[in-house]
Amino acid sequence: MGIRRFTPAYELARESAKSYQFSLDWHQFLTDKIGLKLLFGSVDGPDAAHGPNIDTFRAKLAETAKKGAAHMTEGDVLMAMAGIKGTVALTDAQADALATLKMLRHLYFLRDRGNQAVWIYAQPFEFHRWVFDEIRGCTPSQAIARLNYADEVYPAAMRSHMCAGLQQAQAWSLKCTAKLGGTPDDATKALIQRWFVPGTPDAAAVQKVAATLLDGFKKVGALCGSTRVIFSDEPINRMDGDAVAGQTNYRDSWLDYAFVDGGSLRERLDVVYIQDAALKKWASPNEGWVATLTILHEMSHRVINTKDAVYDFDGLKPGAVLSQKHALANADSWAYFATDLAGQLPGSRAAKVLKEPPALRAAYLRSIQNP
């Protein structure tokens, strides 16, 4: 069975960076200039101190290919870095070394303001599996062809949007903690009532919910402001589902917004898999807030262990179906509350989603019956 998530791919990169003997001609560059072993050294994810070095790696890769012999490609340079020659099928160790370098080629470290930063892994669209599975079993010529794939899932402009979106998610979370701390003002209490407390306003219930929200948004804000967040492609999911007319590099699973692995399947690293619908919202002049809301939704899964009791299109109004308990467990309720409190939720959208849902989702009911 092949790789299915970023964390096991990262673990293979860690092992290869630590144990593989790269070409002597490139050893000093990879060790001293890039810090390859240190970059992939921690079990907690890539090392932010060495993140900027990846741009140096990409620049050197492009420069060497350009200045090399006629028709030299990035794939040829990566083969040279790994010290691979000839036509014999690659060993697994050689394939993993190439995959590690190719993974590095498409890994980005973006820093906005202050300490907030994000890792973005933008595999080529032509990869329908994780890079290690794409390279294993190849001959050198087959590997070079795959190493030359360059059309990334997240192009440069989109990566900038993703970084800004994470910063905005942090800002909205911090605003929530500021408003929820101490005694919330009347406007904040009204929003708590709107998204979490059904029926007649109850001051004690509102205050109790405020304390829960405060604790949760502190965690969300801390994660958004860390250097641990990884936005990544997930090619297995991208190629899952029904075919999309005219498309060979994705199927209809890619048309969703984003996902994380939570619950019993929780992924060790803080990875959010960003999909096409979120990208389209970032690309739209007036709908970037939806993508930021999506980040908050997924972050709440990661650090608050929220679930998907209902989605916005089901209805998010607290009531007989979406009780206070279920609303506090619901990721979309948290994300919409934060967006509303930040003053970024259009009135038309609020009116659309603030309807009572007909029922809780079956998967959610199963998850709380069999946690």
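Reading guide: rules and limits
- Residues numbered from 1 in each chain as written.
- Predicted model: local features only at pLDDT ≥ 70, side-chain atom pairs only at ≥ 80, totals over all residues.
- Heavy atoms only, no water.
- Helix = DSSP H or I, 4+ residues; strand = E, 2+ residues; numbered from the N terminus.
- Rg over C-alpha atoms; globule rule 2.2 N^0.38 Å.
- Buried < 20%, exposed > 50% of the residue type's maximum accessible area, 1.4 Å probe, protein only.
- Contact = heavy atoms within 4.5 Å.
- Areas by Shrake-Rupley, 256 points an atom, 1.4 Å probe, with all protein chains shown as cover.
- Pairing = 2+ DSSP bridges.
- Core = buried A, V, L, I, M, F, W, Y, C linked by side-chain atoms within 4.5 Å.
- Salt bridge = Lys/Arg side-chain N within 4 Å of Asp/Glu carboxyl O.
- Polar contact = N/O pair within 3.5 Å; in protein donor to acceptor, adjacent residues only side chain to side chain.
- pLDDT = per-residue confidence, 0-100.
- Axes fitted to C-alpha atoms, helices over the stretch in contact; angles between N-to-C directions.
- Parallel < 35°, antiparallel > 145°, perpendicular 65-115°, else oblique.
- Left-handed = near helix turned anticlockwise from the far one by under 90°.
- Nonpolar A, V, L, I, M, F, W, Y, C, P; charged D, E, K, R; others polar.

**A few points about the overall build of the protein chain**
Right, so step 1: A count of helical and extended segments in the protein chain gives 18 helices and five strands.
Right, so step 2: The C-alpha radius of gyration computed for the protein chain amounts to 23 Å, which stays within 12% of the reference 21 Å derived for 371 residues, consistent with globular compactness.
Right, so step 3: Structurally, the protein chain occupies a C-alpha span of about 75 × 40 × 40 Å along its principal axes.
Right, so step 4: Residues classed as buried in the protein chain amount to 52% of the 371 residues present.
Right, so step 5: Residue pairs in contact within the protein chain that sit at least 24 positions apart in sequence constitute 70% of those at least 6 positions apart.
Right, so step 6: In the structure as shown, the protein chain presents an accessible area of about 16,500 Å², 52% of it carried by carbon and sulfur atoms.

**Observations regarding the environment of V353**
Right, so step 1: Residue placement: V353 occurs in helix α17 (residues 347-353).
Right, so step 2: For the pair V353 and D312, spaced 41 residues apart in sequence, the C-alpha separation works out to 5.5 Å.
Right, so step 3: Setting aside its immediate chain neighbours within four residues, V353 contacts W195, D312, G315, L316, K317 and Y336.

**Considerations on the pairing of strand β5 (residues 271-274)**
Right, so step 1: The side-chain alternation of β5 yields two buried faces, one formed by V271 and Y273 and the other by V272 and I274.
Right, so step 2: Relative to β5, strand β4 (residues 258-259) runs antiparallel, the two being bridged by two bridges. Pairing of A258 across the sheet is with I274, part of β5.

**Some thoughts on the nonpolar core**
Right, so step 1: By size, the foremost hydrophobic cluster in this structure holds 68 residues, and its most contacted members are F196, L213, F231, I274 and F337.
Right, so step 2: In terms of residue count, helix α11 (residues 203-224) provides more of this core than any other element does, ten residues in total.
Right, so step 3: In contact with L213, not counting residues within four places along its chain, are L180, I192, F196, L328, W334 and F337.
Right, so step 4: Grouped together as the second largest cluster of nonpolar side chains are 52 residues, W26, L98, L107 and Y121 included.

**Points about the pattern of salt bridges**
Right, so step 1: Taken as a whole and judged by the stated rule, the model has 23 salt bridges.
Right, so step 2: Between R14 and E11 there is a salt bridge, with the nearest N and O atoms lying 3.2 Å from each other. Of the two residues, R14 and E11 both sit in helix α1 (residues 6-19), three residues apart, roughly one turn of that helix.

**With respect to the sheet that holds strand β1 (residues 107-111)**
Right, so step 1: Within the open sheet, the five strands sit side by side as β1-β2-β3-β5-β4. Their pairing is mixed. Strands at the two margins of the open sheet, each flanked by one partner only, are β1 and β4.
Right, so step 2: Bridging between strand β2 (residues 117-121) and strand β3 (residues 230-232) involves three bridges; their strand directions are parallel. Looking at the pairing, W119 lines up with I230 of β3.

**What about the side chain of T294?**
Right, so step 1: Counting through the fold element by element, T294 comes out in helix α14 (residues 288-304).
Right, so step 2: Given a relative accessible area of 8%, T294 falls into the buried group.
Right, so step 3: Among the polar contacts made by the side chain of T294, one reaches the main-chain carbonyl oxygen of V290 at a distance of 2.9 Å.
Right, so step 4: Non-local contacts of T294, meaning those with residues more than four positions away in its chain, are made with Y257 and A258.

**Side note on the confidence of the model for the protein chain**
Right, so step 1: Of all residues in the protein chain, 99% attain a pLDDT of 70 or more, and the chain-wide mean is 94.
Right, so step 2: The element-level mean pLDDT for the protein chain is lowest in helix α18 (residues 362-369), coming to 90, with helix α16 (residues 331-341) highest at 98.

**Focus on the pairing of β1**
Right, so step 1: With four of its five residues buried, β1 lies for the most part within the structure.
Right, so step 2: Bridge analysis of β1 against β2 gives five bridges, and the strand direction is antiparallel. The residue of β2 that forms the bridge with R111 is A117.

**Points about the environment of L322**
Right, so step 1: Positionally, L322 belongs in the loop between α14 and α15 (324-328).
Right, so step 2: Residue L322 is classed as buried on the basis of its relative accessible area of 0%.
Right, so step 3: For L322 and A359, which are 37 residues apart along the polypeptide, the C-alpha to C-alpha distance reads 8.0 Å.
Right, so step 4: Excluding its chain neighbours within four sequence positions, the residues that come into contact with L322 are A309, V310, L316, K317, A327, S333, P357 and L360.

**Notes on the packing of α14 against α16**
Right, so step 1: Packing of α14 against α16 brings their axes to within 8 Å, and their N-to-C directions diverge by 130 degrees. Relative to α16, the element α14 lies oblique. Here α14 and α16 pass one another in a crossing that is right-handed. Across the interface between the two elements, W289, L293, L296, H297, S300, H301 and I304 of α14 pack against A331, D332, W334, A335, Y336, A338 and T339 of α16.
Right, so step 2: Residue classes in the contact of α14 with α16 are distributed as nine nonpolar, four polar and one charged.

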